[in-house]
Structures are given as C-alpha cells and as structure tokens.
Amino acid sequence: MARSLCPGAWLRKPYYLQARFSYVRMKYLFFSWLVIFVGSWVIYVQYSTYTELCRGKDCKKIICDKYKTGVIDGPACNSLCVTETLYFGKCLSTKPNNQMYLGIWDNLPGVVKCQMEQALHLDFGTELEPRKEIVLFDKPTRGTTVQKFKEMVYSLFKAKLGDQGNLSELVNLVLTVADGDKDGQVSLGEAKSAWALLQLNEFLLMVILQDKEHTPKLMGFCGDLYVMESVEYTSLYGISLPWVIELFIPSGFRRSMDQLFTPSWPRKAKIAIGLLEFVEDVFHGPYGNFLMCDTSAKNLGYNDKYDLKMVDMRKIVPEANLKELIKDRHCETDLDCVYGTDCRTSCDQSTMKCTSEVIQPNLAKACQLLKDYLLRGAPSEIREELEKQLYSCIALKVTASQMEMEHSLILNNLKTLLWKKISYTNDS
C-alpha cells in the first residue's frame, strides 16, 4: 500500500547511489591527475637541475680540445681523450662549476673532479678561488724556463700560505707531481695543468698531505681535471638513495634513516678518531694552518676498514689566504663575515669591516659534528665522560689565552678515551 502511494521512491535510492558513486570517482580521478601532474612537474624541475649540475660531457670536451691542440698535458689526458679508458660514472656534483663524478680509470675506481665556469671576482658565498686564468690555461707562457716557473709557484704559495720558511721544498714537491710522465722534465703542457690545479685548495692540500692516511691519494690529472682515490662510503651518516626517491622522503624521517644505517659504535669511534687525526694534520702543519670551512657529514667518508677518508676538501682553505681576503670586507653584522658554513669572523662595528681572526678552531667544529654521532649508542661506562669532553671541545675559541695547549689536551684526551674503549674489540 505504501509502495503504491509513492511509486518512484524505490527508484530514487539507486539514482542517489549512482550519482554519489560518480562524484567519488570524479573526485578520485581529479586528485589522481593532480598528484601525477605535481609529481611530474617536480621530477621535471629536478631533472632540469640535474642536467645543469651534471655537465660531464661539456667538461670532457673542453679538456680534450685543449689536450688535442697541445695546450695542456698530464697523466690522465691520454686515457680520457684517446683510449677512453677513463669513464665518468654517477654524478655527485652540487654546483655547476664544480663537476664531480664517480669514475673508473683502467678498472680502478676513482672520483673525477673538473672545473667549469669562469669567475671574474671572488664571491665568498660560492667560491674562494678565481677561475678565469685557470679556464684559459694562459700561464706559464711559451718560453718560460723551469726556474721562472719555480719562481711563479713560489710567489703563489707565499700569497696563499704566508711567508713559510720551507716553501722551496713545497715547490720542488710540486714539480715532481707536475712531471706526469716521469721523464724528469716538466713540459709546457704539464706546467699549464699544474699552474691551473695549484689555484685549487683541494689539490694543493692533496700535494701537501700526500703521505697522510686520511687524505685521498691523487691518481692523475689533465688540465684542471683531476682524479682522486675513491672512498666506499661517502658520508658519515646514512645510505645513498636515488635523487628521485630523496624528493619524497621527509627530512625528519631521513635523519632517522641516517642514524639507523650508521656502523656499530666501535666502528663509529674509529672513524671519529680518524677525523681527529685529520684535524691534527691540517692544524699548524708543515706549510701553515688550514681552516675547515664546511664540516658537513657529506664531506667525510670511510673505507671498508672504517678508516676516515676525506671526500671533499674544496672548502679547506689556508688560514693566511682567508685572513688576507676577508679582513677588509664590508659588513653590517657578524653574519656578513662567514665563508662556507663554518669559518666565521666578527664584524668590527667601528670600521664596519670584518676582522681576520676566525672564531672557532677546526677541532671545535669537528666535535660539533661528532657529538650526536658518538653519543648515540655510546657505552654507558664512558658516556658521561665522552659527553663532557665533547662539550669542552665545542666550547674552544681561537681567542682563548691558552688555546693551543687546550686544543692539544682535549684532542689527545678524546683520542685516548675512544682508543681505550675500542682497542680490544673486533669491530675496531
């Protein structure tokens, strides 16, 4: 009877469900297409950035053109440009003008680095090293004698490192490295390559510290392209993921992943000791003091024996060079007196110029990096003492009256504490 009174009522419900289903489906399709569109746009932008960052073909063409016309020479030139046994692999570049790749050279793994852009002036936000003459390879000129070239190199070192008493020894060491074919003579092409490379702080540091355990070995060069020893693990933290996957991982979750994939604590302690030893290597070394201006975990790596190896030393600069360049820089606040991320001086408000004295020593910056790395999972019996030592280290200031004594004491105490705990473990 009720049905006869409302004969269309039973039809309305299916129509309603059908309309609702269509609405939900359209909403689902809309959001699906939106996600696909946004995702595609993000990937396109990142891919465009990737192609700008990774210009290995351009780098190889520039270098090989110079080599084939006889302008430059070096032990890597023939493999790169003729036999093609030097390959560019995974791109590691973070800036277009500093090309960096994993590579293979005659079946040996290495890291290939190449400079790309000209810079007509110093820019403390990006590079400390002027690039114009390096790209042009215009020095030394034809007819330059070996003695004249040695004088050029000596003057360069005096400007970069200060008036060190043993610079002549370093000049002779450079000439040995420049003689790529080991024929006892430095050709004009080899000299041009060496001169270009010596403008780069990382190359200079590799030459100075070539016998030190934690400095990667130089495998060869061609122009201002050079190949250095490869390191199996290229960061203190985490695992290496494809860049597309990295886009969609939240930073907080990424930090948790980093902590999850660190080595066991004794192995972390051994890696940390390596960093402390490297700080010793560059602190008042044989040719002056070098400043670590970017102590990011991604600039440090380690091998399969958990020995620390530096991955990127381009922001480790001679103290004398940095002081000379920053001392007259105009500033409003202390934030204007920073190079890299970690080399900070103060702003003199009376002159509105940056002072030349860097505030934190290398050791304090290294301890800041190691604090969370070492305290996570540290054995309970040394945790309190380790934390105390690390915070004392972080508090170090260059201006302290007895800084060098404190520096030496804290560094030795930290190394001793770590070594005593791991000396008899299998993991070390």
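The name an unreviewed UniProt entry gives the chain is Divergent protein kinase domain 1A, with Trichechus manatus latirostris as the organism. The UniProt entry for the chain carries the following comment under Subcellular location (unreviewed entry): "Endoplasmic reticulum membrane".

Quick look at the nonpolar core now. In terms of nonpolar packing, the biggest core is built from 77 residues, with Phe-157, Leu-236, Trp-265, Phe-278, Leu-363, Leu-386 and Leu-418 touching the most fellow members. A per-element tally of this core places helix H12 (residues 265–282) first, with 10 residues. Both of domain 1 (55–117 + 134–229) and domain 2 (265–423) provide at least three residues apiece to this core. Contacts of Leu-418, omitting those with residues within four sequence positions, involve Trp-265, Ala-269, Ala-272, Ile-273, Leu-276, Leu-374 and Leu-386. Counting 18 residues, the second-largest nonpolar core is a separate cluster that includes Cys-64, Cys-81, Leu-86 and Cys-222.

Evaluated as defined, the whole model comprises 6 aromatic pairs. Both rings, one in Phe-203 and one in Tyr-226, keep their centres 6.1 Å apart while their planes meet at 70°; by these two values the pair is edge-to-face. Here the residue Phe-203 occupies a position in helix H9 (residues 201–208), and Tyr-226 occupies one in strand E5 (residues 225–229), the gap between them amounting to 23 residues. Comparing Phe-203 with Tyr-226, the two get one shared label, buried. Each ring, one from Tyr-237 and one from Tyr-373, has its centre 5.2 Å from the other, and the planes form 80°; the classification is edge-to-face. In this pair, Tyr-237 is assigned in the loop between E5 and helix H10 (243–247) and Tyr-373 in helix H14 (residues 362–375), connecting sequence segments 136 residues apart. Through a chain of ring-to-ring contacts, three or more aromatic side chains come together here, namely Phe-203, Phe-221 and Tyr-226. Over the ring of Tyr-373 we find Lys-268; its NZ or CZ atom is 5.4 Å from the centre of that ring.

Pairing is antiparallel in the open sheet, where 5 strands are placed in the order E1-E2-E3-E5-E4. At either end of the open sheet lies a strand with only one pairing partner, and these are strand E1 (86–91) and strand E4 (218–222). When the angles between neighbouring strand axes are averaged without regard to direction, this sheet yields 30°. As judged from the 4 bridges shared by E1 and strand E2 (residues 98–105), these two strands associate in the antiparallel manner. Paired with Leu-86 across the bridge in E2 is Trp-105.

Here we come to the state of the cysteines. Throughout the structure, instances matching the rule amount to 8 disulfides. In this model Cys-64 forms its disulfide with Cys-81; the gap between the sulfur atoms is 2.1 Å. Because the sign of the S-S torsion sets the handedness, a value of about -85° for the bond joining Cys-64 and Cys-81 places this disulfide among the left-handed ones. One end of the pair, Cys-64, is in helix H3 (residues 56–68); the other, Cys-81, is in helix H4 (residues 77–81), with 17 residues separating them in the sequence. Under the relative-accessibility criterion, Cys-64 is labelled buried at 5%. Paired through a disulfide, Cys-331 and Cys-347 show a sulfur-sulfur distance of 2.1 Å. Taking the sign of the S-S torsion, 85° for the link of Cys-331 and Cys-347, the bridge is right-handed.

Rules of the game
- Residues numbered from 1 in each chain as written.
- Predicted model: local features only at pLDDT ≥ 70, side-chain atom pairs only at ≥ 80, totals over all residues.
- Heavy atoms only, no water.
- UniProt positions renumbered as here; feature names shortened; annotations may be inferred.
- Core = buried A, V, L, I, M, F, W, Y, C linked by side-chain atoms within 4.5 Å.
- Buried < 20%, exposed > 50% of the residue type's maximum accessible area, 1.4 Å probe, protein only.
- Helix = DSSP H or I, 4+ residues; strand = E, 2+ residues; numbered from the N terminus.
- Domains from an automatic or database assignment.
- Contact = heavy atoms within 4.5 Å.
- Phe/Tyr/Trp six-rings, centres within 6.5 Å; stacked < 30°, edge-to-face > 60°.
- Lys NZ or Arg CZ within 6 Å of the ring centre and 35° of its normal.
- Pairing = 2+ DSSP bridges.
- Axes fitted to C-alpha atoms, helices over the stretch in contact; angles between N-to-C directions.
- Disulfide = S-S within 2.5 Å.

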